[in-house]
Amino acid sequence: MNGKFESAGRTRLDTVYTVSALTESVKRMLENGFPFVWVRGQISNLSRPGSGHLYFSLQDEEASLAVVWFKNQQREVERFDPLTGELYDDGPRPGAALSLENGQEVLCAGRLSLYAPRGTYQLVAELVREAGKSRRQMEYELLQAEFARKGYFDPRRKRPLPVHPRRVGLVTSPHGAAVHDFLRLAWRRGLPAEIRIYPSLVQGGNAPAELAGAMRLAQDWAETMVLLRGGGSQEDLWAFNSREVVEAIFASPVPVLCGVGHEVDVTLADLVADLRAATPSHAAYLLFKDRRELTQTVDEADLALRGALAARLRLFSENLALREKSLRLLSPIRRLERDAILLRAEEERLKASMRAKLEQASSRLALYGDAARLKRAWDAILERARACLEQALLRLDALDPHLPLNRGYALVRGEGGDFLRGRKEAAPGEKLEVLFHDGTVPVRVEK
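Residues numbered from 1 in each chain as written. Predicted model: local features only at pLDDT ≥ 70, side-chain atom pairs only at ≥ 80, totals over all residues. Heavy atoms only, no water.

1. A look at the packing of aromatic side chains
Then comes step 1: Per the counting criterion, the structure on display carries four aromatic pairs.
Then comes step 2: Residues Phe36 and Trp38 carry aromatic rings whose centres are separated by 5.8 Å and whose planes lie at 85° to one another, so their mutual orientation is edge-to-face.
Then comes step 3: The interplanar angle of 15° and the centroid separation of 5.0 Å between the aromatic rings of Phe147 and Tyr152 together place this pair among those described as stacked.
Then comes step 4: Overall, the relative accessible area of 9% leaves Tyr152 in the buried class.
Then comes step 5: Here the aromatic residues Phe147, Tyr152 and Phe250 are joined through ring pairs into a cluster of three or more. (Phe/Tyr/Trp six-rings, centres within 6.5 Å; stacked < 30°, edge-to-face > 60°. Buried < 20%, exposed > 50% of the residue type's maximum accessible area, 1.4 Å probe, protein only.)

Pasting the structure below:
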């Protein structure tokens, strides 16, 4: 059976449900009709089983309501004020679940459901707070907990702002003081940038939808978006705690800077934005750098560039000098000059040796008494010395590579710097250098 049946024949009974089917139908009606409610009452019959769930009743003078607060909805430690989002000055505090007690007046938020085994309806709580807190505060905490679970506030997803933004979209009221303060500071700071204002309400029931729509328009053009609004009460700033605005910031493809309220005002838009400014003016300070700092940065970069260029030029000069010295040492002309120096030294040594021998011969001739014989002997010695000297000079001249140049000959040097000894060492198209006694001539081999 599908929970109901009809009798056979002509007689028709009213619809008959099974207990399970009726319970399921009532459960659907409750959950669809009351998906989220706020209930205020006094705690009674508080129970803390080992599972960590809390069971209690909310009651007033005339009625009682069963409540279950599951463990995964509870916070063991509260590190920040749920109203402002600021850290507690005295450190973390125990969660509200630890301090609940019978007789306490509380405000619960959650959904209605039906517990089938007992056939009773109950409130499945998502948030429990002392009744002294406002509904706005409770709503703020619920939204904050929801977005935190989804990772909207995760620092790892936040993006840096452009260092020098060129296209900035302001989502704000064009008539407020906040936008004028921002523009006044932007005029005096940073590099030139185009700033477009996307007008929107920043307060009231229509503000969330307008703010989200303005952001969707701005993100198609801007490099970064800035949300601006001056200070106000929690009610005045409530649009920046709305689901529409938070989700629009989270979905933005460009970084979002939030400058809403004063330093003590922390909205959900501040928490999800890529960067939060304490005030609208502070937003301009964060987005645009001080021009004096930019000038100093340029000066430092200029000095560093000049220093690097001077060091590079010094290195090039040292390398060039080293290569020039190496070329001089390997040059064939330098080698010929060194050989010529060695030849001249050898010539001087031979002359000195010959003079020493002549002096010795003169000393020996002095011992002979016969002047004529001495003269003949002396003449013979001189003749032999002259012959030896001439032969030595001829040998020296034959070793001088430059001597043939004076007689009309020439030396041919290839592209590699080596002298050619025959025509087979030359290749067609090769550039050669011909050395004459009075200079060099560059040539190219045609064939």
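Now that the structure is up, let's keep going.
2. Brief notes about the sheet that holds strand β1 (residues 37-47)
Then comes step 1: Within the closed barrel, the five strands sit side by side as β1-β2-β3-β7-β6. Their pairing is mixed. Taking each pair of neighbouring strands and ignoring which way they run, the sheet shows an average axis angle of 55°.
Then comes step 2: Bridge count between β1 and strand β6 (residues 105-115): six bridges; the pairing is antiparallel. If you follow Trp38 over to β6, its bridge partner there is Ala109.
Then comes step 3: The strands touched by helix α1 (residues 19-33) are β6 and β7 (120-130); relative to β6, the strand with the most contacts, the crossing angle is about 140°. (Pairing = 2+ DSSP bridges. Helix = DSSP H or I, 4+ residues; strand = E, 2+ residues; numbered from the N terminus. Axes fitted to C-alpha atoms, helices over the stretch in contact; angles between N-to-C directions. Contact = heavy atoms within 4.5 Å.)

3. Quick look at helix α4 (residues 177-188)
Think of an α-helix as 3.6 residues a turn; residues three or four steps apart then line up on the same face.
Then comes step 1: Between the first and last C-alpha of α4 there are 17 Å, a value that for twelve residues agrees with the 16 Å anticipated at 1.5 Å per step.
Then comes step 2: All of the buried residues along α4 are Ala178, Val179, Phe182, Leu185 and Ala186. Taken down its axis, α4 places every buried residue within 135° of arc, on the same side. Along α4, exposed side chains directed more than 90 degrees from the buried face belong to Ala177 and Trp187.
Then comes step 3: Positive phi shows up at Gly190, right after α4, with a value of about 70°. (Expected span 1.5 Å × (residues − 1). Arc of directions from axis to C-beta.)

4. Description of the sheet that holds strand β13 (residues 411-413)
Then comes step 1: Spatial ordering of the open sheet is given by β13-β14-β15, a layout of three strands whose pairing is antiparallel. The open sheet has two free edges, formed respectively by β13 and β15 (439-444), since each of these has just one partner strand. Geometrically, the sheet is characterised by an average inter-axis angle of 25° between neighbouring strands, direction not taken into account.
Then comes step 2: In terms of strand pairing, β13 meets strand β14 (residues 431-436) through three bridges, oriented antiparallel. Its bridge partner being in β14, Val412 is matched across the sheet by Val434.

5. What about the pattern of salt bridges?
Opposite charge on two side chains permits them to pair, given that their charged atoms come into close proximity.
Then comes step 1: This structure, assessed with the given rule, holds 18 salt bridges.
Then comes step 2: Linking Asp302 and Arg306 is a salt bridge whose minimum nitrogen-to-oxygen distance equals 2.9 Å. Taken as a pair, Asp302 and Arg306 lie in helix α9 (residues 291-330) at a separation of four residues, close to a single helical turn.
Then comes step 3: When its relative accessible area of 55% is taken as the criterion, Arg306 is described as exposed.
Then comes step 4: Between Arg444 and Glu446 there is a salt bridge; the shortest N-O distance is 3.6 Å. Residues Arg444 and Glu446 agree in their burial class; the two are exposed.
Then comes step 5: Each of Glu146, Lys150, Arg243 and Glu247 takes part in a single network of salt bridges with overlapping partners. (Salt bridge = Lys/Arg side-chain N within 4 Å of Asp/Glu carboxyl O.)

6. Things to note about empty space enclosed by the protein
Then comes step 1: Throughout the structure, instances matching the rule amount to one cavity of 30 Å³ or more.
Then comes step 2: The computed volume of the largest cavity comes to approximately 40 Å³.
Then comes step 3: Considering the residues around the largest cavity, the lining is formed by Val163, His164, Pro165, Gly190, Leu191, Leu287, Phe288 and Lys289.
Then comes step 4: Considering only residue class, the lining of the largest cavity consists of five nonpolar, two polar and one charged. (1 Å grid on protein atoms, 1.4 Å probe; cavity = no way out; pocket = protein on both sides within 12 Å on 5 of 7 lines; lining within 4 Å. Points joined across faces, edges and corners; volume = space filled by probe spheres on them. Nonpolar A, V, L, I, M, F, W, Y, C, P; charged D, E, K, R; others polar.)

7. Considering the layout of surface pockets
Then comes step 1: Of the pockets and cavities examined, the largest pocket occupies roughly 440 Å³.
Then comes step 2: Lining the largest pocket are 23 residues, with Glu126, Glu141, Leu142, Ala145 and Arg149 sitting closest to its centre.
Then comes step 3: Among the secondary structure elements, those contributing two or more residues to the lining of the largest pocket are α2 (96-99), β7 and α3 (135-149).
Then comes step 4: It is α3 that provides the largest number of residues to the lining of the largest pocket, a total of nine residues.
Then comes step 5: Across the lining of the largest pocket, the residue classes break down as ten nonpolar, three polar and ten charged.

8. Notes on the nonpolar core
Then comes step 1: Ranked by internal contacts, the top residues of the largest apolar core, which has 35 residues, are Val171, Met215, Leu227 and Ile249.
Then comes step 2: Counting only elements with at least two residues in this core, the list comes to α3, α5 (207-218), β10 (224-229), α6 (243-251), β11 (256-260) and α7 (268-272).
Then comes step 3: The dominant element in this core, judged by the number of residues it contributes, is α5, at six residues.
Then comes step 4: In this structure, Leu30, Phe56, Trp69 and Ala125 belong to the second largest nonpolar core, which totals 19 residues. (Core = buried A, V, L, I, M, F, W, Y, C linked by side-chain atoms within 4.5 Å.)

9. Quick notes on unusual backbone geometry
Then comes step 1: Even without a glycine there, the phi angle at Asn45 is positive, about 55°.
Then comes step 2: Along the polypeptide, Asn45 turns up in strand β1.
Then comes step 3: Residue Asn45 is classed as exposed on the basis of its relative accessible area, which comes to 60%.

10. Some details on a nonpolar patch on the surface
Then comes step 1: A cluster of nonpolar side chains, Tyr17, Leu22 and Val26, forms an exposed patch at the surface whose accessible area comes to about 270 Å².
Then comes step 2: Topologically, Tyr17 is positioned in the segment before α1. (Patch = residues over 30% accessible without salt bridge, like charges linked within 9 Å, V, L, I, M, F, W, Y side chains within 5 Å. Areas by Shrake-Rupley, 256 points an atom, 1.4 Å probe, with all protein chains shown as cover.)

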